[in-house]
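Coordinates in review
If you want the building blocks of each chain, they are given just below.
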Amino acid sequence: LYFGGLGAGFMCVEIGLMLRAQAWLGSPVLAAAVVVTVLLMASGLGSLWSERLPANRSTAWRLVAVIAGVVLIASFQLNVVGPAARAWPALVQTGFLLAVVAPVGTAMGMAFPLGLRRLEATAPTHVAWAWAVNGCVSVATPAGAMLLAMSSGFGALFAAGAAAYALALVGAWLGGARDA
C-alpha cells in the first residue's frame, strides 16, 4: 500500500501540475519543462534530506500526511491564482509555478527513500518488491490520470493524488507492526 500509494500519488500530482500549468501558461512544452524539471530537482533534494529523518512508522505517517496536505494546498493555490496568472508576464508565471511546485516536490521526494530505509531495516527481502510495486503503479497511473482529468477536470487529479497518499498513509500505519 505504501509504495503503490506513493507511485500513484506522485504521478497524479505531476500530471495535474503539468495540465494546470499548461492551462494558464498556454504552452504544453513550457509547462512540462518547468514542472518536470522542478519536481525532479526538488524531489532529489527531498530524498537527500530524508536521510536526516528517523526511518520509523511515526515519521513515515507524519510525512505522508504532510504530503497530502501540501498537495491540496498547491491545488488550492493553482485554482485561486491560476486565472489571474494568465495576465501576468511569462517570467512571473514561471516564478509562481516554481514557488508552488518546489515544496510539493521536496515533500514527495522524501517519502520513498524513507520507506525503503524502513523496509530494509525490518524486511530486507521485500525491498525489491517495493521497487516493483512503485514502478508498476507509476507506469500504469498516467493513463488513468488522463482519463480522470478529461472526465472530471484537473482538480480531480490533485484529489486523486491526495487519496493515493492517504492510501500510502494507511500503508505506513499498517506497516508499523514491524517496528520494534
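To be clear, the structure that these remarks concern was listed above.
Below is a summary of the structure that appears in this document. (Residues numbered from 1 in each chain as written. Predicted model: local features only at pLDDT ≥ 70, side-chain atom pairs only at ≥ 80, totals over all residues. Heavy atoms only, no water.)

1. Overview of the nonpolar core
- Grouped together as the largest cluster of nonpolar side chains are 45 residues, with contacts concentrated most on Tyr 2 and Tyr 165.
- Looking at this core, the elements that each hand over two or more residues are helix H1 (2–25), helix H2 (28–50), helix H3 (57–85), helix H4 (90–122), helix H5 (127–152) and helix H6 (154–174).
- Ranked by residues supplied to this core, first place goes to H4 with 13 residues.
- Not counting residues within four places of it along the chain, the set of residues in contact with Tyr 2 comprises Ala 60, Val 64, Ala 111, Gly 115, Ala 168, Gly 171 and Ala 172.
- With six residues, the next largest nonpolar core counts Leu 19, Ala 145, Ala 149 and Leu 157 among its residues. (Core = buried A, V, L, I, M, F, W, Y, C linked by side-chain atoms within 4.5 Å. Buried < 20%, exposed > 50% of the residue type's maximum accessible area, 1.4 Å probe, protein only. Helix = DSSP H or I, 4+ residues; strand = E, 2+ residues; numbered from the N terminus. Contact = heavy atoms within 4.5 Å.)

2. Looking at a nonpolar patch on the surface
- On the surface, Leu 1, Trp 61, Leu 167, Val 170, Trp 173 and Leu 174 cluster together to form a nonpolar patch covering roughly 590 Å² of accessible area.
- With four residues, H6 is the largest single contributor of residues to the nonpolar patch.
- Take Trp 173: its relative accessible area is 49%, and that puts it in the partly exposed class. (Patch = residues over 30% accessible without salt bridge, like charges linked within 9 Å, V, L, I, M, F, W, Y side chains within 5 Å. Areas by Shrake-Rupley, 256 points an atom, 1.4 Å probe, with all protein chains shown as cover. Salt bridge = Lys/Arg side-chain N within 4 Å of Asp/Glu carboxyl O.)

3. Describing the environment of Val 101
- Assignment of secondary structure puts Val 101 in helix H4.
- Along the chain, Val 101 and Ala 145 lie 44 residues apart, while their C-alpha atoms are 18 Å from each other.
- Among residues more than four places away in sequence, those in contact with Val 101 are Leu 17, Val 35, Val 38 and Leu 39.

4. Notes on the packing of aromatic side chains
- Scanning the model with the defined rule gives four aromatic pairs in all.
- Ring plane angle 80° and centroid distance 5.4 Å describe the contact between Phe 3 and Phe 112, whose orientation is recorded as edge-to-face. Of this pair, Phe 3 sits in helix H1 while Phe 112 sits in helix H4, and the two are 109 residues apart along the sequence. The two residues Phe 3 and Phe 112 agree in class, both being buried.
- Ring centres of Trp 88 and Phe 96 lie 5.7 Å apart, and the angle between their planes is 90°; this geometry places the pair in the edge-to-face category.
- The partly exposed category is assigned to Trp 88, whose relative accessible area is 30%.
- A residue is classified by how much of its surface remains accessible, and Phe 96, at 17% relative accessible area, is buried.
- Aromatic rings pair up to connect Tyr 2, Phe 3, Phe 112 and Trp 131 into one cluster. (Phe/Tyr/Trp six-rings, centres within 6.5 Å; stacked < 30°, edge-to-face > 60°.)

5. Remarks on the packing of H1 against H6
- As a packed pair, H1 and H6 sit with axes 7 Å apart at the nearest point and diverge in direction by 160°. Here H1 lies roughly antiparallel to H6, going by the angle between them. When you trace H1 past H6, the crossing you get is left-handed.
- Classifying every residue of the contact of H1 with H6 gives 18 nonpolar, six polar and one charged. (Axes fitted to C-alpha atoms, helices over the stretch in contact; angles between N-to-C directions. Parallel < 35°, antiparallel > 145°, perpendicular 65-115°, else oblique. Left-handed = near helix turned anticlockwise from the far one by under 90°. Nonpolar A, V, L, I, M, F, W, Y, C, P; charged D, E, K, R; others polar.)

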